[in-house]
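Chain residues, written in single-letter form:
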Amino acid sequence: MFVFPKPAQITAAIAIIILSYACGKKNNDPKAPPAAPPPVVDVIVARPQTIADTIEANGTVIANEYVQLKPEVSGRITYLDVPEGKFITKGTIIARINDADLEAQLNKTKVLLDLAQKTEDRYKKLLAVNGLNQSDYDAALNTVNGYKADLYYTQALIDKTFIRAPFDGVAGLRLVSLGASVSPADIIASMQQVEKMKIDFTIPEQYSSFIRTGNTVDITTDEGNSTRTKAVIIATEPQIDQTTRNLKVRAVLADNKISPGAFVKVYVITGNNKNAIMVPTNAIIPEDLNNELIVVKKGKANLVNIQTGARQADNIEITKGINVGDTIVVTGVLFARPKAPVRIRKVLSFNKVAH
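As the structure is a prediction and not an experimental result, all values here were calculated from the model.

A. Structural view of the overall build of the chain. Scanning the chain from terminus to terminus reveals 4 helices and 19 strands. Within the chain, the proportion of its 355 residues that are buried is 31%. Pairs at least 24 apart in sequence give 74% of the contacts found in the chain among residues at least 6 apart. Of the accessible surface of the chain, which amounts to about 22500 Å², a share of 53% is contributed by carbon and sulfur atoms.

B. The pairing of strand 5 (residues 93-97), seen in detail. Note that strand 3 (residues 75-80) and strand 5 share 3 bridges and pair antiparallel. Its bridge partner being in strand 5, Tyr79 is matched across the sheet by Arg96. The sheet contact formed by strand 5 and strand 6 (residues 162-164) spans 3 bridges and is antiparallel. Among the inter-strand pairings, Ile93 is bridged to a residue of strand 6, identified as Arg164.

C. Structural view of the environment of Thr78. Along the chain, Thr78 turns up in strand 3. Using a relative accessible area of 38% as the deciding quantity, one classes Thr78 as partly exposed. Spatially, the C-alpha atom of Thr78 lies 6.4 Å from that of Leu178, the residues being 100 residues apart in sequence. Non-local contacts of Thr78, meaning those with residues more than four positions away in its chain, are made with Arg96, Ile97, Asn98 and Leu178.

D. Structural detail: the packing of aromatic side chains. Using the criterion set out here, one finds 0 aromatic pairs in the structure. The aromatic ring of Tyr267 is capped on one face by Arg228, whose charged end is 3.9 Å from the ring centroid.

E. The arrangement of unusual backbone geometry in detail. The residue Asn130 is not glycine, and still its phi comes out positive at about 60 degrees. Inspection of the secondary structure puts Asn130 in the loop between helix 2 (100-128) and helix 3 (134-159). Asn130 sits in the exposed class, given a relative accessible area of 74%. Non-glycine residue Lys339 carries a positive phi angle of around 65 degrees. Positionally, Lys339 belongs in the loop between strand 18 (327-331) and strand 19 (343-348).

F. Examining the pattern of salt bridges more closely. For the structure on display, the rule yields 7 salt bridges. With its nearest N and O atoms 3.5 Å apart, the salt bridge here joins Asp218 to Arg228. Of the two residues, Asp218 sits in strand 10 (residues 216-221) while Arg228 sits in the loop between strand 10 and strand 11 (229-236), which places them 10 residues apart along the sequence. Relative accessible area serves as the criterion here: at 8%, Asp218 is assigned to the buried category.

G. Highlighting the packing of helix 2 against helix 3. Contact pair helix 2 / helix 3: the axes reach a minimum separation of 8 Å and the direction vectors enclose 160 degrees. When the interaxial angle is binned, helix 2 and helix 3 end up roughly antiparallel. As for how helix 2 packs across helix 3, the hand of that crossing is left-handed. Of the residues assigned to the contact of helix 2 with helix 3, the class counts are 15 nonpolar, 7 polar and 7 charged.

H. How the structure looks around helix 3. The terminal C-alpha atoms of helix 3 lie 38 Å apart, and with 26 residues this matches the ideal 38 Å at 1.5 Å per residue to within 8%. Of the residues making up helix 3, those classed as buried are Tyr137, Ala140, Val144, Leu151, Thr154 and Ile158. Elements that come into contact with the buried residues of helix 3 comprise helix 2 and strand 6.

I. Examining the sheet that holds strand 8 (residues 181-182) more closely. Pairing in this open sheet of 4 strands is antiparallel, and the strands run 6-5-3-8 from one edge to the other. Taken across any chain shown, the strands that pair with only one partner, and hence form the sheet edges, are strand 6 and strand 8.

J. Focus on helix 2. Taking 1.5 Å per residue, 29 residues should reach 42 Å; helix 2 reaches 42 Å between its end C-alpha atoms and fits that length. Of all the residues in helix 2, the buried ones are Leu102, Leu106, Thr109, Leu113, Ala116, Thr119 and Glu120. Immediately beyond the C-terminal end of helix 2, within one or two residues, lies Asn130, with a positive phi of roughly 60 degrees.

K. Local environment of the side chain of Asn64. Tracing the sequence through the fold places Asn64 in strand 2 (residues 48-69). According to the relative accessible area criterion, Asn64 is buried, its value standing at 15%. Only 2.8 Å separates the side chain of Asn64 from the side chain of Gln193, close enough to count as a polar contact. Look past the residues within four positions of Asn64 in its chain and what remains in contact with it is Gln193, Lys196 and Lys198.

The rules behind each value
- Residues numbered from 1 in each chain as written.
- Predicted model: local features only at pLDDT ≥ 70, side-chain atom pairs only at ≥ 80, totals over all residues.
- Heavy atoms only, no water.
- Helix = DSSP H or I, 4+ residues; strand = E, 2+ residues; numbered from the N terminus.
- Buried < 20%, exposed > 50% of the residue type's maximum accessible area, 1.4 Å probe, protein only.
- Contact = heavy atoms within 4.5 Å.
- Areas by Shrake-Rupley, 256 points an atom, 1.4 Å probe, with all protein chains shown as cover.
- Pairing = 2+ DSSP bridges.
- Phe/Tyr/Trp six-rings, centres within 6.5 Å; stacked < 30°, edge-to-face > 60°.
- Lys NZ or Arg CZ within 6 Å of the ring centre and 35° of its normal.
- Salt bridge = Lys/Arg side-chain N within 4 Å of Asp/Glu carboxyl O.
- Axes fitted to C-alpha atoms, helices over the stretch in contact; angles between N-to-C directions.
- Parallel < 35°, antiparallel > 145°, perpendicular 65-115°, else oblique.
- Left-handed = near helix turned anticlockwise from the far one by under 90°.
- Nonpolar A, V, L, I, M, F, W, Y, C, P; charged D, E, K, R; others polar.
- Expected span 1.5 Å × (residues − 1).
- Polar contact = N/O pair within 3.5 Å; in protein donor to acceptor, adjacent residues only side chain to side chain.

The structure is reproduced here in structure tokens:
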């Protein structure tokens, strides 16, 4: 016996048919955008590299001696002779402050001293024949000594009005003019001794055991010049900086062609070669707490936390997180996504990437 379907069943069947038709039409729609292809990357295979264990630091060139020439007293400049950029010898007068009042005071003291000495000589003769009390002679002698002290004091003030070269060196640029009123806070010029240059640099405290007085370090300027110059370590700061935890080191530069104030790279070679996994610096993804690398496993990108060691110009040692044989992404790092597929275009050699 045939049972006629209910209206509700007929409606449900029609809805299922329409939905199935719509889904089939959507999946077969030729206008739907295709899925995005996986990003293309270049990789290297982690291999141990033989490297020299070198510590790289930033340094600054300083003159062997440096001073800013300032007056010791305030006043008007009455004499000025700064040979800018020229060599001057120790003791050369480069400036003089007006000392007319001090000269007048000096002359006055000389007159009073002369009179006091004559009085002291006369009292001395009277004392010899018992014609004068000892106390009167002592007062006269004390007056002479007082005027002599005033004479030395005034002469010392006059000497302060002369600005002299404190050592043999090269004068810098003149910063004042003749007739200007200056004070001890004003700089007249600078002076440097450039026959021998020094390098000041800092290294982390964990490398302080490699710093020894008399050891040599390599120096390069930050001008793309690969030529290295030797410098000899002469001293270290006794205390490590408590803020930066760095040790300050000073070395003497053999080549004096580098200008004071120049920035240099300092390379401290420990003398130990070791096998290390090296990667290009630009392959590392810096994070707040950790650094990461992208490693390809089974065709997918994986983020790996790493720890770094010795640094070179463009490469860095990986001390933890990477094993020999791992496939490391070196180009296309920004396009790779964690757990997403990637397409490897080339497997590069480390030497090619490093250069």
